[in-house]
Amino acid sequence: PLPPPPPPPAWPKPSVKKKPLPYTGVSSFLSSFSSSPPSPRPSVPRFGTGGGSLEAREAKAALASSHALHISKSRDLYLSTRNTPASTSGMKPLHTVFVGRLDYGVTEKDLYRLMSGAGDVKDLKIIKVTAPPTAPVKALGGKGSARGASSRPLGSSRGYAFVEYRDAADARKAYDTLDGSSLLGRPIVVDVERGNTVEGWVPVRLG
């Protein structure tokens, strides 16, 4: 014979809905509020003024104007001489690559050893400082100097170079395979020589 069925489960008792408390006013809580006047709010500059004193805002505007004028003059100078840059004089643009972010201690021998891995190097030139250090244009925000300003001594490396190959295919190979390579423990940038091959191109520092 089959065992007897289990007893039915015990159903919970139905919940009793509690009666909500009646709505009351706040008059009974007025005694808990402070009777002293509120503390004064801190002064907040009006929207669009940029904060600070009038003299500080005028100085910031003058700095921005000076920075923009410096960039504009540098850009015009670059565009007026871009077809005959001294840095790549005599090099064929389509056979030439730009090498940037070089350690200042890199020599032409160090650079040749690396770049010759992509093909027959015809010429290379590490760009050196040719003008005496000048007071750099202060960067906007008051920190450091504007990008592109250099205070390195005469004859020292500016941290970039141009390398010309005998074959344009080797220049393309260098661009494809050597970008990001390490030279003296520092990754470098290898790019095409855009100054004479890309219409209207200017360096990033010139906008």
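As a starting point, this report considers the structure included with it. What you see as residue numbers is a count from 1 along each chain, following the sequence as written. In keeping with the model being predicted, local features are shown solely for residues with a pLDDT of at least 70 and side-chain atom pairs are shown and tallied solely at 80 or more, while totals for entire chains, interfaces and linings include all residues. Side-chain numbers here rest on the full set of heavy atoms in the structure, without hydrogens or water.

Take the pairing of strand E3 (residues 157–165) next. Note on strand geometry: in a regular strand, side chains alternate between the two faces of the sheet. Think of it in three bands: with a 1.4 Å probe and only protein chains considered, a residue is buried below 20% of the maximum accessible area for its type, exposed above 50%, and partly exposed in between. Only DSSP runs of H or I covering at least 4 residues are called helices, and only runs of E covering at least 2 are called strands; the numbering of each starts at the N terminus. Extensive coverage of E3 is indicated by the burial of 7 of its 9 residues. For two strands to be treated as a pair, DSSP must find at least two bridges joining them. Pairing of strand E1 (residues 96–100) with E3 involves 4 bridges; the strand directions are antiparallel. Residue pairing in the sheet places valine 99 in a bridge with alanine 161 of E3. As judged from the 6 bridges shared by strand E2 (residues 121–128) and E3, these two strands associate in the antiparallel manner. Paired with isoleucine 126 across the two strands is alanine 161, which belongs to E3.

To continue, consider the side chain of serine 157. With respect to the helices, strands and loops of the structure, serine 157 is situated in strand E3. Here serine 157 falls in the buried class, since its relative accessible area comes to 6%. In terms of polar contacts, serine 157 uses its side chain to reach the backbone amide nitrogen of glycine 159, at 3.0 Å. Any pair of residues with heavy atoms lying within 4.5 Å of one another is described as a contacting pair. Excluding residues within four positions of it along the chain, serine 157 makes contact with Tyr104, Ile126, Ile127, Lys128 and Arg152. Counted as a polar contact is a pair of N or O atoms within 3.5 Å, where, for protein atoms, one must be capable of donating a hydrogen and the other of accepting one, and residues adjacent in sequence contribute only when both atoms are in side chains.

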